Amino acid sequence: MLWVKICGLSTPEAVETAVEAGADAVGFVLAPGSPRTVDAAQAASLVRAARDAARRAERSIETVAVVQNQTLDDVARLAREAGVDTVQLHGDEPDAVAEALRAAGFRVIRALSAGDYTRRTAEGWSSPDRLLIDAAVPGSGARFSDDELGTAPEGFWALAGGLSPENVASAVQALEPTGVDVSSGVESSRGVKDLGLIKAFIAAARTVL
Ligand SMILES: O=C(O)c1ccccc1N[C@@H]1O[C@H](COP(=O)(O)O)[C@@H](O)[C@H]1O
């Protein structure tokens, strides 16, 4: 089944809606400078809300901290204080950062633009972590064009960038990712999640076989 992540959540209501509607993962932006940024204490409270909602629904939920070009010390501290399962590295972090986070017990998602992924793999780069392929400006609501992604990854990979309830099914049919991730497409205005759009996105993603 398609892995579905709803990202950039900042209220318990939005977290509960995502979990109850069947998201596999919920994400919290711990990178500075985004309208969705939360601090570690806010993220910890949202992580608790996600786990409580998952317990009530008798299902599991993966909690993800999204970071971008922060130091390893900062990332490890934020992830520990927030109590997340997974760290999504959304910048130019060296592989050693991913390795150190894995050694500290976190799961890691490596986010790359389609262009960077294509360039890096042409140079022989590979990653033991799950991949997320996004547009060039993360969290902008922009899509990358399908031809920017040369050959899709072979293992798990999630598609992100400009997805919405309207386009998620056709995007998945075209690119055949293993998962999808959305932020802007489930917002009524930048940084403000719309509970109806969260439910509509998850329902639309679940129509794809
Ligand atoms: O959402 C942000 O503001 C953000 C900031 C810094 C790094 C990553 C960010 N979000 C990631 O972007 C995609 C969602 O993009 P879109 O808004 O749906 O186009 C997703 O992977 C988020 O985790």
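No experiment lies behind these values; they were computed from the predicted model shown. (Residues numbered from 1 in each chain as written. Predicted model: local features only at pLDDT ≥ 70, side-chain atom pairs only at ≥ 80, totals over all residues.)

A short note on the overall build of the chain
Inclusion rule: Numbered from the N terminus, helices here are DSSP runs of H or I no shorter than four residues, and strands are runs of E no shorter than two. Burial in this document is a count-based property: other C-beta atoms within 10 Å of a residue's C-beta are tallied, and the residue is buried at 20 or more, exposed at 12 or fewer, or partly exposed in between, with C-beta positions derived from the backbone. Distance between backbone-placed C-beta atoms decides contact: two residues are in contact if it is within 7 Å.
The helix and strand tally for the chain stands at seven helices and ten strands. Dimensions of the chain along its principal axes, counting C-alpha atoms only, are 45 × 40 × 30 Å. Among the 209 residues that make up the chain, the fraction classed as buried is 44%. Residue pairs in contact within the chain that sit at least 24 positions apart in sequence constitute 52% of those at least 6 positions apart.

Examining the packing of helix α1 (residues 12–20) against helix α7 (residues 195–205)
Inclusion rule: Think of each axis as a best-fit line through the C-alpha atoms, taken over the contacting stretch in the case of a helix, with angles from 0 to 180 degrees between the N-to-C directions. Note on terminology: angles under 35 degrees are roughly parallel, angles over 145 are roughly antiparallel, angles of 65 to 115 are roughly perpendicular, and the others are oblique. Two helices that cross are described as forming a left-handed crossing if the nearer one is turned anticlockwise from the farther one by less than a right angle, and a right-handed crossing if clockwise. For this scheme, ten residues count as nonpolar: Ala, Val, Leu, Ile, Met, Phe, Trp, Tyr, Cys and Pro. Four count as charged, namely Asp, Glu, Lys and Arg, and the remainder, Gly too, count as polar.
The geometry of α1 relative to α7 is characterised by a closest axis approach of 9 Å and an angle of 20° between their N-to-C directions. One element, α1, and the other, α7, form an angle in the roughly parallel class. Between α1 and α7 lies a crossing whose hand is right-handed. Where α1 abuts α7, its residues Glu 13, Ala 14, Thr 17 and Ala 18 lie against Leu 195, Ile 198 and Lys 199. Broken down by class, the residue content of the contact of α1 with α7 amounts to four nonpolar, one polar and two charged.

Here's the deal with the environment of Ala 171
Along the chain, Ala 171 falls in helix α6 (residues 168–175). Residue classification places Ala 171 among the buried positions, given that 21 C-beta atoms sit within 10 Å. Excluding its chain neighbours within four sequence positions, the residues that come into contact with Ala 171 are Leu 159 and Leu 163.

Quick look at the sheet that holds strand β6 (residues 130–134)
What counts here: A pair of strands is considered paired only if DSSP assigns at least 2 bridges between the two.
Read around the barrel, eight strands follow the order β1-β2-β3-β4-β5-β6-β7-β8 and close on themselves; strand pairing throughout is parallel. Going across the sheet, the axis of each strand differs from the next one's by a mean of 25°, ignoring polarity. Where strand β5 (residues 107–113) and β6 come together, five bridges link them in parallel fashion. Of the residues in β6, the one forming a bridge with Arg 110 is Leu 131. The strands touched by helix α3 (residues 72–82) are β2 (25–29), β3 (62–67) and β4 (86–89); relative to β3, the strand with the most contacts, the crossing angle is about 150°. Against the sheet, helix α4 (residues 95–103) contacts β4 and β5, and its axis sits at roughly 160° relative to β5.

A closer look at the pairing of strand β8 (residues 179–182)
Of the two faces of β8, the one lined by Gly 179 and Asp 181 and the one lined by Val 180 and Val 182 are each fully buried. The sheet contact formed by strand β1 (residues 3–6) and β8 spans four bridges and is parallel. Among the inter-strand pairings, Ile 6 is bridged to a residue of β8, identified as Val 182. As paired strands, strand β7 (residues 157–160) and β8 are joined by three bridges and run parallel to one another. When the bridges of β8 are listed, Ala 158 appears paired with Gly 179.

Quick look at the environment of Asp 134
Tracing the backbone through its elements, the reader meets Asp 134 in strand β6. A residue is classified by how many C-beta atoms lie within 10 Å of it, and Asp 134, with 24 of them, is buried. With near-sequence residues (within four places) excluded, Asp 134 lies in contact with Ala 111, Ser 113, Ala 160 and Gly 161.

Digging into the confidence of the model for the chain
As a reminder, the rule being used: Values of pLDDT, which run from 0 to 100, indicate the predictor's confidence residue by residue.
Taken as a whole, the chain shows an average pLDDT of 96; of its residues, 100% reach a score of 70 or greater. Both confidence scores are given for the complex: pTM 0.97, ipTM 0.98.

Concerning the nonpolar core
For soluble globular proteins, the rule of thumb is that nonpolar side chains tend to be buried together. Let me state the cut-off plainly: Throughout this description, the term nonpolar core refers to a group of buried Ala, Val, Leu, Ile, Met, Phe, Trp, Tyr and Cys residues whose C-beta atoms join them within 7 Å.
If you look at the biggest cluster of nonpolar residues, it comprises 64 residues, and the most contacted ones within it are Val 15, Val 26, Phe 28, Leu 30, Ala 50 and Ala 65. If one sorts the elements of this core by residue count, helix α2 (residues 40–56) sits on top with seven residues. With residues near it in sequence (within four places) discarded, Leu 30 still touches Val 38, Ala 40, Ala 43, Ala 65, Val 66, Val 67, Leu 78 and Ala 82.

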